[in-house]
Amino acid sequence: MQHDVVAIVPELMLVAAALVLLLIDPFLPAKGRRGLSWLGIMACLPAAASVWLARSQQFSTFSHGIALDGFAVFFKILLLAVAALAMLLSEKHLARNGRLLGDYYALVLLATVGMMVMASAIDLATFFVGLELMALSSYLLAGFFRHQLRSIEASLKYFLTGSFASAILLFGMALLYGLTGSTNYQQISIAIGSGSLDGHVIVIAVVLLLGGFAFKVAAAPFHGWAPDVYQGAPTPAAAFLSVGPKIAAFAAIIKFFTIMLGSEQARWVPLMIVVAIATMLIGATMALLQHDLKRMLAFSSIAHVGYLLLALIAAGQSHSNFGSSAILFYLAAYAAMNMGAFGVLVFLANSARFNDSLDEMAGLARRFPGAAGVMAVLMFSLAGIPPTAGFLAKFYLFASVVDAGYAWLAVIGVLFSVVSAFYYLRVIVYMYMREPEPEVAAVMEPGGGRSWDLSLGLGLATAVVIVLGVLPAPVLNAAQDAVAKILGS
Amino acid sequence: MTPLQHYLVLSGALFSVGAWGVLARRSIIMVVMCLELMFNAVNIALVAFSNYANAGAGRGEVFVFFVLAIAAAEVAVGLAIGIAMYRLREKLDVDELDEMRG
């Protein structure tokens with residue numbers, strides 16, 4: 001592994017762009033802020049290019065605190081794509097709410113830097129710095145519409161639960177350090193693998209880490225904040241927050257549980273099975289009861305986290321890379337379909353007096369055929385119906401669970417995914433087969449409507465969902481390659 | 001020399017007090033202070049581990065510096081959100097967060 005500052009060049013590019021955005025924003029007239037999002041989007045392109053160019057080698061810097069290896073390359077490119085998509089979705093919505101500021105894009109970029117650091121950290125200290133950079137930026141993004149009580153309430157709830165989770169996670173990491181005498185992932189993994197450590201302390205550390213990560217990815221029993229945060233946050237910010245932090249957290253979870261605690265899987269797998277089943281149960285059943293679409297998507301994303309945890313169990317149990325690469329592929333598919341679904345809500349909120357309720361979706365196909373078509377594709381994908389990305393992602397994921405010898409868990413997962421198909425297809429039924437109630441019919445407002453950025457973002461998300469569903473090989477190979485190169489092994 | 005266990009008991013006790021405060025207190029100011037208590041409890045554990053470690057001594061102290069800086073940033077963000085809340089509601093009570101239910 002080469003020791004070189006090349007390892008953090010993509011992060012430096014994003015930080016530079018964020019600082020430029022913060023500096024020029026106050027000097028611009030309100031109208032001049034149109035198109036500011038492209039500064040942020042354009043920063044993601046060279047960052048992704050520099051990651052791609054470095055893919056065949058491995059670099060590390062900050063005295064082995066952070067490494068750009070094959071695993072990090074996959075996650076960084078995915079996270080940069082998520083950030084660019086989030087910025088594409090935002091501009092019009094911010095302008096309509098009178099909050100079109102460069103700060104927003106700067107916060108998205110800084111949160112992305114935090115996520116990228118989380119994915120490529122190989123030391124507990126750098127991981128924690130990345131985690132907090134992501135978390136602090138996310139709290140502010142959730143509260144970006146600070147004149148709306150809901151947004152501030154979402155922000156405060158996110159802050160309180162998120163910081164609590166960070167403290168718990170930190171205590172777990174301190175115990176890992178105390179046990180092994182090192183903060184380096186590889187040395188921790190070797191020390192734990194030696195089997196000479198106190199088993200009771202390892203159990204406490206596992207419980208604390210699992211609890212902290214469960215908060216971060218909104219897994220049961222610590223999922224309570226997610227619906228409130230996604231509902232209250234500005235919709236484009238919710239699109240970003242429902243995807244980005246989860247991708248980064250799963251990158252870290254894979255490293256923590258399958259690498260560092262890989263030899264202790266007998267201690268964490270039973271716990272994880274309970275958490276995964278409870279998460280799927282709560283996500284799938286509570287989503288049935290929701291009439292607010294943002295809350296429905298929040299509970300559905302909780303159910304998706306449950307499926308991902310199943311693959312994590314597979315990754316911990318068997319020594320093949322099948323489970324981990326299924327997680328990576330699922331995350332890529334989930335990013336496109338979930339952000340797209342939130343993007344459709346942004347589009348509707350921009351073009352009509354829309355309050356995110358299911359009733360307002362009635363008869364949508366007639367008034368907004370394009371948006372309804374996109375939403376239908378994304379709902380099919382979230383439900384896991386071929387030929388979409390969601391189907392293949394779920395197929396690989398459950399195949400990996402069966403492969404690891406947990407056929408009964410895969411059966412439970414498939415059952416919950418059948419339940420979940422109900423609430424996704426219900427949206428399609430409302431859009432295409434229901435007549436709107438006259439009083440709730442969303443009214444087109446003059447001057448509202450189209451935004452070129454938003455349409456591009458929605459088009460890209462839909463295209464990714466369909467292409468991944470038909471031609472999964474490149475991304476799947478990249479995922480397998482990434483897992484094979486984790487921690488330079 | 002004081003045995004390591006004493007430090008860990010102190011750290012665990014402070015962490016528990018902090019966690020209890022976050023869950024039970026209503027004022028946002030008090031909750032943020034309790035979060036600080038939790039972070040500082042971890043700092044005590046990290047320094048103690050670092051002092052007693054055979055290999056990798058000093059790593060813990062370095063970690064503590066990062067945690068201190070981050071905890072300060074965390075308070076700044078928390079209080080900023082609190083101020084925004086106060087401007088809208090004229091109250092700093094966690095129980096007031098009931099706009100969304102479902």
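Every chain is numbered independently, its residues counted from 1 as its sequence is written. Labels follow written order: the first chain is A, the first ligand is 1, and so on. The model is predicted, so local features are restricted to residues of pLDDT at least 70 and side-chain atom pairs to those at 80 or more, both for listing and for counting; the totals for chains, interfaces and linings are taken over all residues. The basis for every side-chain value is the complete set of heavy atoms in the structure, and neither hydrogens nor water enter the calculation.

1. Focus: the overall build of chain A
Our working rule: Elements are defined by DSSP. Helices are runs of H or I of four residues or more, strands are runs of E of two residues or more, and each kind is numbered from the N terminus. The globule rule used for comparison is 2.2 Å times the number of residues to the exponent 0.38, while the radius of gyration itself is calculated over C-alpha atoms. Accessible area is worked out with a 1.4 Å probe on protein chains only. A residue is then buried under 20% of its type maximum, exposed over 50%, and partly exposed in between. Here, residues are in contact when the closest pair of their heavy atoms is within 4.5 Å. When charges are counted, Lys and Arg contribute as positive and Asp and Glu as negative, whereas His and the chain ends are disregarded. Lysine's charge is taken at NZ, arginine's at CZ, aspartate's at CG and glutamate's at CD.
A tally of helices and strands in chain A yields 20 helices and three strands. At 21 Å, chain A has a C-alpha radius of gyration in line with the 23 Å of a compact globule built from 489 residues. The dimensions of chain A, computed from C-alpha atoms along their principal axes, are 70 × 55 × 40 Å. The proportion of buried residues among the 489 residues of chain A is 66%. Excluding contacts between residues fewer than 6 apart, the proportion of contacts in chain A whose partners are at least 24 apart in sequence is 82%. Looking at chain A, you have 25 positive and 23 negative side-chain charges, and the mean spots of the two groups are 6 Å apart.

2. Observations concerning the packing of aromatic side chains
Residue and element names in this part refer to chain A. Just so we agree on the cut-off: For Phe, Tyr and Trp, where Trp contributes only its six-membered ring, two rings pair if their centres lie within 6.5 Å, and the inter-plane angle classes them as stacked under 30 degrees, edge-to-face over 60, or tilted in between. Here, a charge over a ring means that NZ of Lys or CZ of Arg falls within 6 Å of the ring centre while also lying within 35 degrees of the ring normal.
One pass over the structure, following the stated rule, counts 29 aromatic pairs over all chains. Plain terms: the ring middles of W38 and W452 are 6.2 Å apart, the flat faces sit at 40° to each other, and that makes the pair tilted. Placement of W38 in helix 2 (residues 36-53) and of W452 in helix 19 (residues 452-470) is noted, with a sequence separation of 414 residues between them. W38 gets classed as partly exposed once you look at its relative accessible area, which sits at 25%. Judged by relative accessible area, which is 63%, W452 ranks as exposed. Seen from the ring of F144, R99 lies directly overhead, with NZ or CZ sitting 4.7 Å from the centre.

3. Observations regarding the sheet that holds strand 2 (residues 59-61) of chain A
All names here are of chain A. Selection rule: Here the rule is simple: two strands pair whenever DSSP picks up at least two bridges between them.
On the basis of which strands lie adjacent, the open sheet formed by three strands has the order 1-2-3 and mixed pairing. Edge positions in the sheet fall to strand 1 (2-3) and strand 3 (66-68), since each has one partner strand and no second. One ladder, built from three bridges, connects strand 2 with strand 3; its direction is antiparallel. For T61, the partnering residue across the bridge sits in strand 3 and is I66.

4. Overview of the nonpolar core
Residue and element names in this part refer to chain A. The condition is simple: In this description, a nonpolar core means a group of buried Ala, Val, Leu, Ile, Met, Phe, Trp, Tyr and Cys residues linked to one another through side-chain atoms lying within 4.5 Å.
Ranked by internal contacts, the top residues of the largest apolar core, which has 230 residues, are F127, F240, F256, F257 and M361. In terms of residue count, helix 14 (residues 322-351) provides more of this core than any other element does, 20 residues in total. Setting aside residues no more than four positions away along its own chain, F257 makes contact with L209, L210, F213, G262, W268 and M272. If you look at the next biggest cluster of nonpolar residues, it comprises seven residues, including A7, F59, L68 and A72.

5. So, helix 3 (residues 59-89) of chain B
Test applied: Helix span, as expected, comes to 1.5 Å for every residue beyond the first.
Helix length check: helix 3 of chain B (31 residues) gives 44 Å between terminal C-alpha atoms against 45 Å at 1.5 Å per residue, within 8%. Positive backbone phi, at 60°, marks E90 of chain B, one or two positions downstream of helix 3 of chain B.

6. Quick look at the interface of chain B and chain A
The cut-off we apply is this: Accessible area that two parts lose when put together, evaluated with a 1.4 Å probe and summed over both, is termed the buried area. Think of a salt bridge as a Lys or Arg side-chain nitrogen and an Asp or Glu carboxyl oxygen that are within 4 Å of each other. Whenever a nitrogen or oxygen atom comes within 3.5 Å of another N or O atom, the pair is scored as a polar contact, on the condition that within protein one atom can donate a hydrogen and the other can accept it, and that pairs from neighbouring residues in sequence are kept only if both atoms are in side chains.
Taken together, the contact between chain B and chain A spans 43 residues of the former and 42 residues of the latter. Buried area between chain B and chain A, summed over both chains or domains, comes out near 3,800 Å², and the portion from carbon and sulfur atoms is 80%. Area buried by chain B at its contact with chain A is led by F63, I81 and M100 of chain B, which between them contribute 20% of it. Our count for the chain B to chain A interface comes out at one salt bridge. D123 of chain A is paired through a salt bridge with R59 of chain B; the nearest N and O atoms lie 3.1 Å apart. Summed over the shared surface of chain B and chain A, the number is three residue pairs in polar contact (both at pLDDT 80 or more). Of all elements in the fold, only helix 1 (4-24), helix 2 (28-52) and helix 3 of chain B reach the threshold of two or more residues within the side of chain B that touches chain A. If you tally residues by element for the side of chain B that touches chain A, the top one is helix 3 of chain B, at 16 residues.

7. Looking at a nonpolar patch on the surface
All names here are of chain A. Rules: Patch membership needs two things, relative accessible area over 30% and no salt bridge, and members are linked within 9 Å if like-charged or within 5 Å if nonpolar (Val, Leu, Ile, Met, Phe, Trp, Tyr). All accessible areas in this document rest on Shrake-Rupley with a 1.4 Å probe, and a residue is counted as covered only by the protein chains that are shown.
Nonpolar side chains collect at one region of the surface, where V20, L23, I24 and L39 lie side by side and expose about 320 Å² of accessible area between them. In terms of residue count, the dominant contributor to the nonpolar patch is helix 1 (residues 9-24) (three residues). As for its position among the elements, L39 is in helix 2. For L39, a relative accessible area of 34% corresponds to the partly exposed category.

8. Concerning the environment of H93 of chain A
All names here are of chain A. Counting through the fold element by element, H93 comes out in helix 3 (residues 70-96). With a relative accessible area of 8%, H93 lands in the buried category. When neighbours within four sequence positions are excluded, H93 is seen to be in contact with F145, T235, P236, V346, A349 and N350. Side-chain polar atoms of H93 contact the side chain of N350, separated by 3.1 Å.

9. Some words on the side chain of E91 of chain A
Residues and elements named next belong to chain A. Tracing the chain through its elements places E91 in helix 3. From its side chain, E91 meets the backbone nitrogen of G35 in a polar contact 2.6 Å long. Leave out the neighbours within four places in its chain, and E91 touches R33, R34, G35, L36, S37, L100, Y105 and D453.

10. Let's talk about the confidence of the model for chain B
Where we set the bar: Each residue gets a pLDDT score, which is the predictor's confidence in that residue and runs from 0 to 100.
Put simply, chain B has an average pLDDT of 88, and 95% of its residues get 70 or more. In the predicted complex, the global pTM is 0.95; the interface-specific ipTM is 0.94.

11. Looking at helix 14 of chain A
In a regular helix each residue adds 1.5 Å, so 30 residues correspond to 44 Å; helix 14 of chain A covers 44 Å between its end C-alpha atoms and thus fits that length. Buried residues dominate helix 14 of chain A, accounting for 29 of its 30 residues.

12. Let's talk about the packing of helix 6 (residues 149-180) of chain A against helix 2 of chain B
Basically, it comes down to this: The convention used is that axes are lines fitted to C-alpha atoms, helices contributing only their stretch in contact, and that angles between N-to-C directions extend from 0 to 180 degrees. Small angles under 35 degrees read as roughly parallel and large ones over 145 as roughly antiparallel, with 65 to 115 read as roughly perpendicular and the rest as oblique.
Here helix 6 of chain A crosses helix 2 of chain B at 10°, and the two axes come no closer than 9 Å. The angle between helix 6 of chain A and helix 2 of chain B places the two elements in the roughly parallel class.

13. Some words on the pattern of salt bridges
All names here are of chain A. Under the definition given, this model contains 11 salt bridges over all chains. D25 is paired through a salt bridge with R33; the nearest N and O atoms lie 2.8 Å apart. Judged by its relative accessible area of 6%, D25 falls in the buried class. Taking the relative accessible area as the measure of exposure, R33 reaches 13% and is therefore buried. The residue D228 makes a salt bridge to K157 at a minimum N-O spacing of 2.7 Å.

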